[in-house]
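Examination of the molecular architecture
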Amino acid sequence: MSTPTEVKEAPESPRRRRRRALWRLAIAAVVLAAIVLTPTVWVRASSSGRMVTVEQAPVADVAIVFGAEVAPGGQDPMPFLRNRLDKAAALVTAGKVKALLISGDAHSGSGNEVRVMSDYLARHGVEPSRVVLDPYGLDTYDTCRRAHDVYGVHRALLVSQDLHLYRAVTLCRRVGVDAWGVPSGCGGCRTVTIWKNQARDVAAAWKAAWDAVRLRAPAVQSQPDPALENAVSAHTP
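A brief look at the structure comes next.

So, how was this worked out
Residues numbered from 1 in each chain as written. Predicted model: local features only at pLDDT ≥ 70, side-chain atom pairs only at ≥ 80, totals over all residues. Heavy atoms only, no water. Helix = DSSP H or I, 4+ residues; strand = E, 2+ residues; numbered from the N terminus. Rg over C-alpha atoms; globule rule 2.2 N^0.38 Å. Buried < 20%, exposed > 50% of the residue type's maximum accessible area, 1.4 Å probe, protein only. Contact = heavy atoms within 4.5 Å. Areas by Shrake-Rupley, 256 points an atom, 1.4 Å probe, with all protein chains shown as cover. Lys, Arg positive; Asp, Glu negative; His and termini not counted. Charge placed at Lys NZ, Arg CZ, Asp CG, Glu CD. Phe/Tyr/Trp six-rings, centres within 6.5 Å; stacked < 30°, edge-to-face > 60°. Lys NZ or Arg CZ within 6 Å of the ring centre and 35° of its normal. Disulfide = S-S within 2.5 Å. Pairing = 2+ DSSP bridges. Axes fitted to C-alpha atoms, helices over the stretch in contact; angles between N-to-C directions. Salt bridge = Lys/Arg side-chain N within 4 Å of Asp/Glu carboxyl O.

**So, the overall build of the protein chain**
Counting its regular elements, the protein chain contains seven helices and five strands. Ordered by position in the sequence, the α and β elements of the protein chain form the string α-β-α-β-α-β-α-β-α-β-α-α. Radius of gyration (C-alpha) of the protein chain: 25 Å, far over the 18 Å computed for a compact globule of 237 residues. Evaluated residue by residue, the protein chain yields a buried proportion of 43% over its 237 residues. Looking at the protein chain alone, contacts between residues at least 24 apart form 77% of all its contacts between residues at least 6 apart. Carbon and sulfur atoms make up 58% of the accessible area of the protein chain, which amounts to about 13000 Å² in all. Charge-centre separation for the protein chain: the mean point of 30 positive side chains lies 10 Å from the mean point of 22 negative side chains.

Written out as structure tokens, the structure is:
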């Protein structure tokens with residue numbers, strides 16, 4: 001009886017091995033990207049249909065303006081913040097809101113954000129009686145949570161750049177504020193600054209998701225403050 005002849009497979013060519021390795025690497029990259037971007041996709045889906053122009057914006061008693069870095073010297077807003085303030089002033093002029101809640105960090109590394117914001121608005125025609133300052137809006141979640149818990153906001157327009165607004169609208173809605181975003185644009189902003197903030201927002205979406213799940217208390221907790229309600233009442237016919 002003859003013994004079966006063993007058939008040996010031809011060794012894999014270096015080119016085929018490289019293609020196989022590249023294919024595995026591509027699959028790993030797609031899986032990693034999907035994981036990294038999952039919170040961003042959730043943020044965008046949760047705020048879908050909630051971005052409007054000044055003209056399209058529903059009427060609300062309050063607009064929340066999110067703080068940002070101020071210029072060196074601590075007296076003037078940087079372009080990111082200036083654009084937000086200009087858009088907030090436009091909402092007041094258009095009769096879309098009666099009062100502004102200016103929320104930021106009064107002790108940030110660049111200066112007192114809320115003071116700079118309120119001074120800028122006053123110089124550009126917004127009556128100080130329409131402006132209420134929250135000096136403890138230390139991040140987006142804290143701004144939304146304090147707007148609801150401390151200042152009694154249940155419906156608001158939010159003013160910021162669109163790359164940040166998706167997250168802001170999602171978080172405000174999560175804590176009980178019926179929120180609509182009014183993108184401010186970023187005229188005068190450097191391209192590198194815009195790209196840097198877009199990359200930062202991917203990482204910030206992870207924090208937003210974690211905050212939304214935990215519904216944590218804000219870093220600074222305060223007793224209810226009627227200042228915003230009073231400002232709205234003072235400008236209600």
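Having put the structure on the table, let's press on.
**Topic: the packing of aromatic side chains**
Taken as a whole, this structure holds zero aromatic pairs when the rule is applied. A cation over an aromatic ring shows up here: arginine 44 above the ring of tyrosine 166, its NZ or CZ 3.9 Å from the ring centre. The ring of tryptophan 180 has arginine 50 sitting right over it, with the charged end atom 4.3 Å from the ring centre.

**Some thoughts on the state of the cysteines**
A full pass over the atoms with the stated rule returns two disulfides. The disulfide bridge from cysteine 144 ends at cysteine 172, spanning 2.1 Å between sulfur atoms. Residues cysteine 144 and cysteine 172 are joined through a disulfide that is left-handed, its torsion about the S-S bond being -85°. Of this pair, cysteine 144 sits in helix H4 (residues 140-149) while cysteine 172 sits in helix H5 (residues 162-174), and the two are 28 residues apart along the sequence. On the basis of relative accessible area, cysteine 144 is assigned to the buried category, the value being 0%. Covalently, cysteine 186 is tied to cysteine 189 through a disulfide, its sulfur atoms 1.7 Å apart. When the S-S torsion is -70°, as for the bridge of cysteine 186 with cysteine 189, the disulfide is left-handed.

**As for the sheet that holds strand E2 (residues 99-103)**
The pairing of strands in a sheet comes from backbone hydrogen bonds and takes either a parallel or an antiparallel form. The strand order E3-E2-E1-E4-E5 describes an open sheet built from five strands, whose pairing is parallel. Only two strands of the sheet have a single neighbouring strand rather than two, namely strand E3 (131-134) and strand E5 (178-183). On average, adjacent strands in this sheet sit at an angle of 25° to one another, irrespective of strand direction.

**Topic: the pattern of salt bridges**
Any two side chains of opposite charge can pair if their charged atoms end up close together. Counting across every chain of the model gives 14 salt bridges. A salt bridge links aspartate 61 to lysine 98; the shortest N-O distance between them is 3.4 Å. Of the two residues, aspartate 61 sits in the loop between helix H1 (14-46) and strand E1 (62-66) while lysine 98 sits in the loop between helix H2 (79-93) and E2, which places them 37 residues apart along the sequence. Here the salt bridges share partners, and the residues they tie into one network are Asp139, Asp142, Lys207, Asp211, Arg214 and Arg216.

**With respect to the pairing of E1**
Burial analysis of E1 places five of its five residues in the buried class, which makes it a mostly covered element. Judged by which residues are buried, E1 turns out to be covered on both faces: Val62, Ile64 and Phe66 on one side and Ala63 and Val65 on the other are all buried. One ladder, built from five bridges, connects E1 with E2; its direction is parallel. By the bridge assignment, alanine 63 is partnered in E2 with leucine 100. The pairing of E1 with strand E4 (residues 155-160) spans three bridges and is classified as parallel.

No statement about biological role is implied by the geometric values presented.
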